[in-house]
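# A structural walkthrough
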Amino acid sequence: LYVYETFPHAQRIADLACSHGLVSWALLLLYDHQQQHHPQQEEHLSTKVSAVCIDKCMPPSSEKLATVMLQEWPHLKDRWDYVEGPIDAIIPCSSTLLVGVHACGKLSDAIISTAIHANASLVLVPCCHSKKCLPGYKRKSVSTKATAATTTTIDTDADGDGAVASGSSASASPPSTIPTEKKKNKIKIPNLADIIDNHRIQRLEAAGMTVHQVQIPPAITPKNRVLLAIPPPSSTKDNNDSQQQQQQQPQQKYPTSHSSPKFTIPIGNTPNAKSLIKSIAGREASNQRKAPKPVTFGICVILPENKNNDSTNHEQHEEQEDISVSQIKAIIKENVFVRSITGNDPHFDEKSGLYTRTFRVTYLDHTSKETARECAIQLCHQIPKSFPGARPRQIPR
């Protein structure tokens, strides 16, 4: 309800670090209910609200949950997707509401970076606070008291004297020893979670966002702080800017990124973005991305010498005998993909005075490098037999 009341106009929801995806289903049902039962209030919504879940590991529970939810609400089938992938593969978009519930440690900071980069609305429930979440200069300023699991309060009288009242060490005076006639003020020493989340709020506010902080009942979860970040209306992108932004890979390196993502996850609310999400969502697509890749070998072929050519003038390569991709593919019995990396014309080696052509041969049915190497060796031995005068520069070892 906090989310819907703060962002009633959301049309696309990205549930990040979502685990089984229950939050996305809850939000999708809430928005869908409002569209169905209060259409006069939702006239501003041109399309049905949809959701995409993103996590680096797609648990089996997410599929079981989706099956149950779609049995009860089958009309949501085309409006919910789950993509297995890293957060730093996301192409953020200002039109999409970013949601991160119990995003552990630095993952919360990565989601904040994504929201700031895209100027996107954000709902964040941080979790697993540690000093590593803070910049280096702030880590040193965190006192040992701030790392306590609970918040410490200090009672002081009007003159500034006082004693520790709660969460204190055993050496402190008990509360009953404090004179009752003196005015007491509670001084709250923030714990580590407060310090880290205050730093996160400062980051969002420095980016021009308005941040609201609410708490859900601790009986639901002890990590119950909810940050609601609203982008400034003056810098909200129009539809054209959103579509252009969606086509661009973010330049910022997020804290959780260790390498460039192998694929991208566009989370915008456009037909192209949604179509791409459909193509990479689900268990089958995830297994295909994780499947071993076919092995590729490079083979450099020394072409037959042309006696009519002057070896000192390599501009006469028009008369040089050549070997095409189709000719190489014809002598290979395996299922392969062959391409030439030399270009349209053979390469002339000025040192040796010979013409060469280099091929990249991908053995589509072999994910074992040893098996593919044996096939490449056989190809090297077959080249002189099929093309008299030609020979491989080097045979794979």
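Let me sum up the structure you'll find in this document. (Residues numbered from 1 in each chain as written. Predicted model: local features only at pLDDT ≥ 70, side-chain atom pairs only at ≥ 80, totals over all residues. Heavy atoms only, no water.)

## Brief notes about the layout of surface pockets
In this structure, the second largest pocket occupies an estimated 390 Å³ of space. Of all the elements in the fold, those that place two or more residues in the lining of the second largest pocket are α1 (2–6), α2 (22–37), β5 (97–104) and β6 (122–127). Sort the elements by how many residues they give to the lining of the second largest pocket and α2 lands first, with four residues. (1 Å grid on protein atoms, 1.4 Å probe; cavity = no way out; pocket = protein on both sides within 12 Å on 5 of 7 lines; lining within 4 Å. Points joined across faces, edges and corners; volume = space filled by probe spheres on them. Helix = DSSP H or I, 4+ residues; strand = E, 2+ residues; numbered from the N terminus.)

## So, the pairing of β6
In terms of burial, β6 is largely enclosed, as six of its six residues are buried. Of the two faces of β6, the one carrying L122, L124 and P126 and the one carrying V123, V125 and C127 are both buried. Alignment of β5 against β6, held across six bridges, turns out to be parallel. The residue of β6 that forms the bridge with V101 is V125. Of the crossover connections in this fold, the one passing from β5 over helix α4 (residues 106–118) to the parallel β6 is right-handed. Bridge analysis of β6 against strand β11 (residues 225–230) gives three bridges, and the strand direction is antiparallel. Among the inter-strand pairings, L124 is bridged to a residue of β11, identified as L227. (Buried < 20%, exposed > 50% of the residue type's maximum accessible area, 1.4 Å probe, protein only. Pairing = 2+ DSSP bridges. Right-handed = clockwise from strand over helix to strand, strands pointing away.)

## Quick notes on the environment of Y363
Position of Y363 relative to the elements: it lies in strand β16 (residues 354–363). The residues touching Y363, leaving out its near neighbours within four places in the chain, are P294, V295, F297, I332, E334, N335, V336, A372, C375, A376 and L379. At 3.4 Å, the side chain of Y363 and the backbone nitrogen of A376 are in polar contact. (Contact = heavy atoms within 4.5 Å. Polar contact = N/O pair within 3.5 Å; in protein donor to acceptor, adjacent residues only side chain to side chain.)

## Notes on the pattern of salt bridges
Under the defined criterion, the tally for this structure stands at 10 salt bridges. Residues R225 and D197 are paired through a salt bridge, measuring 2.4 Å at the closest nitrogen-oxygen approach. Of this pair, R225 sits in strand β11 while D197 sits in helix α6 (residues 192–206), and the two are 28 residues apart along the sequence. According to the relative accessible area criterion, D197 is buried, its value standing at 1%. Connected through salt bridges with shared partners, the residues D109, D194, D197, R200 and R225 form a single ionic network. (Salt bridge = Lys/Arg side-chain N within 4 Å of Asp/Glu carboxyl O.)

## As for the nonpolar core
With 29 residues, the main nonpolar core has L16, I54, V83, L98, L122, I265 and I267 as its most contacted residues. Going through the elements one at a time, β1 (12–16), β2 (50–55), β5, α4, β6, α6, β11 and α8 (271–280) are the ones with two or more residues in this core. Apart from residues no more than four positions distant in its own chain, L16 is found in contact with I54, I87, I90, L98, V99, G100, V101 and I111. Y4, F7, A51 and L228 belong to the second largest nonpolar core, which has 28 residues in total. (Core = buried A, V, L, I, M, F, W, Y, C linked by side-chain atoms within 4.5 Å.)

## Here we look at α8
Within the sequence span of α8, burial applies to A273, I277 and I280. Along the axis of α8, the buried residues cluster in a sector spanning 70 degrees; they form a single face. Exposed side chains of α8 directed beyond 90 degrees from the buried face belong to P271 and N272. (Arc of directions from axis to C-beta.)

## Brief notes about the pairing of β2
With six of its six residues buried, β2 lies for the most part within the structure. Burial of β2 is two-sided: the residues S50, V52 and I54 facing one way and the residues A51, C53 and D55 facing the other way are all buried. Pairing geometry for β1 and β2, over five bridges, is parallel. Its bridge partner lying in β2, A14 is registered against V52. Where β2 and strand β3 (residues 80–84) come together, five bridges link them in parallel fashion.

## Quick look at the side chain of S50
Checked against the element boundaries, S50 lands in strand β2. Since its relative accessible area comes to 3%, S50 is described here as buried. Here R12 takes part through its side chain, which lies 2.8 Å from a polar atom of the side chain of S50. With residues up to four places along the chain from it excluded, the contact list for S50 reads Q11, R12, I13, L28, R79, N269 and K274.

## Considerations on the sheet that holds β11
Taken in spatial order, the seven strands line up as β3-β2-β1-β5-β6-β11-β10 in an open sheet, and their pairing is mixed. Each end of this open sheet is capped by a strand with a single partner; those strands are β3 and β10 (210–215). Direction aside, neighbouring strands of the sheet carry axes that sit 15 degrees apart on average. (Axes fitted to C-alpha atoms, helices over the stretch in contact; angles between N-to-C directions.)

## A short note on the packing of aromatic side chains
This structure, assessed with the given rule, holds four aromatic pairs. An angle of 70 degrees between the planes, with centres 5.0 Å apart, marks the rings of Y4 and Y31 as edge-to-face. Here Y31 lies in helix α2 and Y4 lies in helix α1, a separation of 27 residues in the sequence. Accessibility classification places Y4 together with Y31 in one group, the buried group. Put simply, the rings of W25, W80 and Y82 pair up and form one aromatic cluster. Geometry around F263 places R289 over its ring, the cationic atom sitting 4.5 Å from the centre. (Phe/Tyr/Trp six-rings, centres within 6.5 Å; stacked < 30°, edge-to-face > 60°. Lys NZ or Arg CZ within 6 Å of the ring centre and 35° of its normal.)

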